[in-house]
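Close look at the chain arrangement
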2 protein chains.
Amino acid sequence: MQEADTFHETLTRLRGKGERLTYPRRKVLEVLIRSGDHLTVNDVQRVLQQAGEVMDTATIYRVLQWLKQVGLISQTDLGGEAIVYQVIDDHRHHHLVCLSCGSISELDDRVLDVLRRTLRRNYDFEPRIDHLAIFGLCRECRAKSHTTARAGMTHE
Amino acid sequence: MQEADTFHETLTRLRGKGERLTYPRRKVLEVLIRSGDHLTVNDVQRVLQQAGEVMDTATIYRVLQWLKQVGLISQTDLGGEAIVYQVIDDHRHHHLVCLSCGSISELDDRVLDVLRRTLRRNYDFEPRIDHLAIFGLCRECRAKSHTTARAGMTHE
DNA sequence: CTACATGCAAATCCTTTGCATCCAC
DNA sequence: GTGGATGCAAAGGATTTGCATGTAG
């Protein structure tokens, strides 16, 4: 696996940039890379705890802000409890969130390329769509809604 | 103007559906329709106050939840202080939010039609993109960033 | 009349901040 | 050694909830 490589390369690159590599920073980054998934501050804290690491919430927030600033992670509001963070990797993807059942599925990034081009060309806007959440009805709930007319449209 | 008509038609339709039309519900809906803009809970409360109406925050939240449930308004997180609400009208539009200066410009809804079709066809997902916020760099900040290398990438 | 909405206050929960201490460089 | 990061505690701000009361249907 190249996971470890990615991690160390990243650390080296950051050091080169003159960034301070503290213990919390390395740990949080490691958690995010290993998971590869979108995590809330709480998730990160829980994972660390399970590994025997106790880390203050405020520290995690600050580390995440830093990671975002140096461009390693993206921040998104999936409409859930809290904001989620995830590493910006090559396999960039987005999410389809079902308004009815809450299920979340992945959306390939390339689907957005058309939109990006339009925004650049027609709006003079340089989009940074690192992590998008699109709400709607998933296949199953879509089927249900045909019969049940209108059901739980509550969520988000 | 058909504003008033829209308002009364809506009330009639809701009554027909068996929804309870209380004073707060009518007032909040009126504010949103008259504004036509995206408002936070605080905005709604302020507008009401300026009209001499005192309304509890909790009530406004509950009314907004209800309005969302009956499909009259949409809810979006523009990355600001709080969530914004707005009536779902025919002139549906979205927002381009600049990560650097925070400026917000409009995006015509039709730009998203291609994406909608793709989602329906390839993902079996029925999107409800009522109000989308896309982050990135506006024309001006885009120009600046060419010279200044990297500036305030902080926001959201 | 009765179910449901409102008002009030208190609670929750996510996120930020002040400040003394600590540590990476 | 020193500026910046951390830990702790406390504040801040948006949103929710419990409960008694009011009111639309």
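Heads up: the structure comes first, above all this text.
Below or above, wherever it landed, is the structure these notes cover. Computed from a predicted model, the values in this text were never measured in an experiment.

As for the overall build of chain A
When helices and strands are tallied, chain A shows six helices and six strands. Reading the secondary structure of chain A in the N-to-C direction produces α-α-α-α-β-β-β-β-α-β-β-α. Sequence separation of at least 24 residues holds for 52% of the intrachain contacts in chain A that already meet a minimum separation of 6. With the model as given, the accessible surface of chain A reaches about 8,800 Å², and the carbon-plus-sulfur share is 46%.

Some words on the interface of chain A and chain B
Counting residues at the interface gives 37 residues for chain A and 38 residues for chain B. For the pair chain A and chain B, the summed buried area comes to about 3,300 Å², and 59% of that belongs to carbon and sulfur atoms. Linking chain A to chain B there are four salt bridges. The partner of B:Asp124 in a salt bridge is A:Arg142, and the shortest N-O contact between them spans 3.4 Å. Where chain A packs against chain B, one counts nine residue pairs in polar contact (both at pLDDT 80 or more). Only α4 (57–69), β3 (93–98), β4 (104–108), α5 (113–123), β5 (126–127), β6 (133–137) and α6 (139–147) of chain A provide two or more residues apiece to the side of chain A that touches chain B. If one sorts the elements of the side of chain A that touches chain B by residue count, α5(A) sits on top with six residues. Broken down by class, the residue content of the side of chain A that touches chain B amounts to 20 nonpolar, five polar and 12 charged.

Here's the deal with the packing of helix α2 (residues 23–35) of chain A against α4(A)
All names here are of chain A. Closest axis-to-axis distance for the α2/α4 pair is 10 Å, and the angle between their directions is 75°. On the basis of their axis angle, the class for α2 and α4 is roughly perpendicular. Along its contact with α2, which presents Pro-24, Arg-25, Val-28, Leu-29 and Leu-32, the element α4 presents Thr-59, Val-63, Leu-64, Trp-66 and Leu-67. Partitioning the contact of α2 with α4 into residue classes produces eight nonpolar, one polar and one charged.

What counts, and at which threshold
- Residues numbered from 1 in each chain as written.
- Chains lettered and ligands numbered in written order.
- Predicted model: local features only at pLDDT ≥ 70, side-chain atom pairs only at ≥ 80, totals over all residues.
- Heavy atoms only, no water.
- Helix = DSSP H or I, 4+ residues; strand = E, 2+ residues; numbered from the N terminus.
- Contact = heavy atoms within 4.5 Å.
- Areas by Shrake-Rupley, 256 points an atom, 1.4 Å probe, with all protein chains shown as cover.
- Buried area = accessible area lost by both parts, 1.4 Å probe.
- Salt bridge = Lys/Arg side-chain N within 4 Å of Asp/Glu carboxyl O.
- Polar contact = N/O pair within 3.5 Å; in protein donor to acceptor, adjacent residues only side chain to side chain.
- Nonpolar A, V, L, I, M, F, W, Y, C, P; charged D, E, K, R; others polar.
- Axes fitted to C-alpha atoms, helices over the stretch in contact; angles between N-to-C directions.
- Parallel < 35°, antiparallel > 145°, perpendicular 65-115°, else oblique.

Honestly, it's all geometry; don't read function into it.
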